[in-house]
Amino acid sequence: MSVDSHVSVLLAESVAALAIQPQGTYVDATFGRGGHSRAILAALGPEGRLIALDRDPAAIAAGASIADPRFTLVHAAFSDFDTVLDRLGVGQVAGVLLDIGVSSPQLNTPERGMSFRFDAPLDMRMDTTQGETAAEFLARASQPEIEKVIRDYGEERFAHAIAKALVAARGEHGISGTGQLAALVAQTVRTREPGQHPATRTFQALRIHVNRELEELSLVLPRALDRLAPGGRMAVISFHSLEDRIVKRFLRDAAHPPQPPKGVPLRAVELPQPVARLVGKAMFPSDAEVAANPRCRSAVLRVAQKLGPDSGSPRSGSN
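Cut-off values and rules
Residues numbered from 1 in each chain as written. Predicted model: local features only at pLDDT ≥ 70, side-chain atom pairs only at ≥ 80, totals over all residues. Heavy atoms only, no water. Helix = DSSP H or I, 4+ residues; strand = E, 2+ residues; numbered from the N terminus. Contact = heavy atoms within 4.5 Å. Phe/Tyr/Trp six-rings, centres within 6.5 Å; stacked < 30°, edge-to-face > 60°. Buried < 20%, exposed > 50% of the residue type's maximum accessible area, 1.4 Å probe, protein only. Core = buried A, V, L, I, M, F, W, Y, C linked by side-chain atoms within 4.5 Å. Pairing = 2+ DSSP bridges. Right-handed = clockwise from strand over helix to strand, strands pointing away. Salt bridge = Lys/Arg side-chain N within 4 Å of Asp/Glu carboxyl O. Axes fitted to C-alpha atoms, helices over the stretch in contact; angles between N-to-C directions.

Brief notes about the environment of Glu13
In this structure, Glu13 sits in helix α1 (residues 11-17). Residues Glu13 and Leu301, spaced 288 residues apart in sequence, show a C-alpha to C-alpha distance of 8.3 Å. Beyond its immediate stretch of four places on either side in the chain, Glu13 contacts Met283 and Leu301.

And the structure:
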């Protein structure tokens, strides 16, 4: 398998969940290597349109191979979602797909610095044209800052010990490589879940922090839902509990908005109304897909439909 290969997770399920209208306009907000985009294009008719976003320059370069007048690929982060659609003259859309998280090409390309399987510069940025690298963060952040990142984004119970060791090590010779970071963490963390490298959680935490992944996700969800036309659908694939928690809570609140305390004198029409309905239950990769692509084992797909005059009743199911 080449470093640039990528298998789209829950491909058939996510595209089917969009209930694609042949003439509709859709957004694939995480182009990656284009698996989902190609499947959406195959379902669209001549009048359909697909806009894809990605902040990874390598993904943008890969997308150059799609020569389709219905397709537009833009180098942009989630936080640019509205700006991109406004610039393209697009108001409401029929569907949005979000495939959250790091891609296989990013993990498999040594110079990206996202994996402890290779000894490479400690970069970790999804957009290599801007922003602070992981090495730069570790060089300037305080021990409490590093500890908070590792604890909050890695859910690492040894965050204090790891942060202390990293700060001590940078005072001697700096921390600039993935191999060096992985070795430091392995020396500090003496116990770990079976089959998991001691540095797994630390690498995840630093990558999430460097790329502002959870902040970007929290920004794009309401913007995507707002852009959906009534009856339009949003399909979101997440890969770890931190992401899925944000997605699940957002979709739940959109379908069942928090209500005022009992006893508040409000008429029924004044109560917060749902703006979406949940479509089915959460979906997970099949055993066959996990066997073929072990990295997808933690993936979960959640789907919502924007409510409106002709979008159906607000009945929902969730998981």
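So, the packing of aromatic side chains
Taken as a whole, this structure holds two aromatic pairs when the rule is applied. Both rings, one in Phe31 and one in Phe71, keep their centres 5.8 Å apart while their planes meet at 40°; by these two values the pair is tilted. Placement of the pair is Phe31 in the loop between β1 (25-28) and α2 (35-43) and Phe71 in strand β3 (residues 71-75), with a sequence separation of 40 residues. Comparing Phe31 with Phe71, the two get one shared label, buried. Taken together, a centroid distance of 5.4 Å and an interplanar angle of 90° make the contact between Phe116 and Phe203 edge-to-face. Pair noted here: Phe116 is in the loop between α5 (104-108) and α6 (134-140) and Phe203 is in helix α10 (residues 200-211), with a separation of 87 residues, a long-range link. Relative accessible area serves as the criterion here: at 27%, Phe116 is assigned to the partly exposed category.

Some details on the nonpolar core
In terms of nonpolar packing, the biggest core is built from 65 residues, with Leu98 and Met234 touching the most fellow members. By residue number, the principal contributor to this core is helix α12 (residues 241-255), which donates seven residues. Among the nonpolar cores identified, the runner-up in size contains 26 residues, and Val15, Phe31, Leu50 and Ile66 belong to it.

Quick notes on the pairing of β3
Relative to β3, strand β2 (residues 49-54) runs parallel, the two being bridged by five bridges. Directly across from Leu50, in β3, lies its bridge partner Phe71. Following the backbone out of β2, through helix α3 (residues 57-63) and into the adjacent parallel β3, one traces a crossover that is right-handed.

A short note on the pattern of salt bridges
In this structure the tally under the stated criterion is 15 salt bridges. When the shortest N-O distance is used, the salt bridge between Arg227 and Asp86 registers 2.4 Å. With Arg227 in helix α11 (residues 213-227) and Asp86 in helix α4 (residues 81-87), this residue pair connects regions lying 141 residues apart in the sequence. The closest approach of N and O atoms between Glu132 and Arg140, which form a salt bridge, is 2.9 Å. When its relative accessible area of 28% is taken as the criterion, Glu132 is described as partly exposed. We classify Arg140 as partly exposed; its relative accessible area is 47%. Among the ionic contacts, a cluster of salt bridges with common partners joins Glu147, Lys148, Arg151 and Asp152.

Things to note about the sheet that holds strand β5 (residues 228-238)
Taken in spatial order, the seven strands make up an open sheet running β3-β2-β1-β4-β5-β7-β6, and their pairing is mixed. Each end of this open sheet is capped by a strand with a single partner; those strands are β3 and β6 (276-278). Strand-to-strand twist in this sheet, taken as the mean axis angle between neighbours without regard to direction, amounts to 15°. In this sheet, β5 lies alongside strand β4 (residues 93-99) in parallel orientation, the contact comprising six bridges. The residue bridging Val96 from the neighbouring strand is Met234, located in β5. Each of β1, β2, β3, β4 and β5 touches α2; the most contacted strand, β2, lies at about 175° to it.

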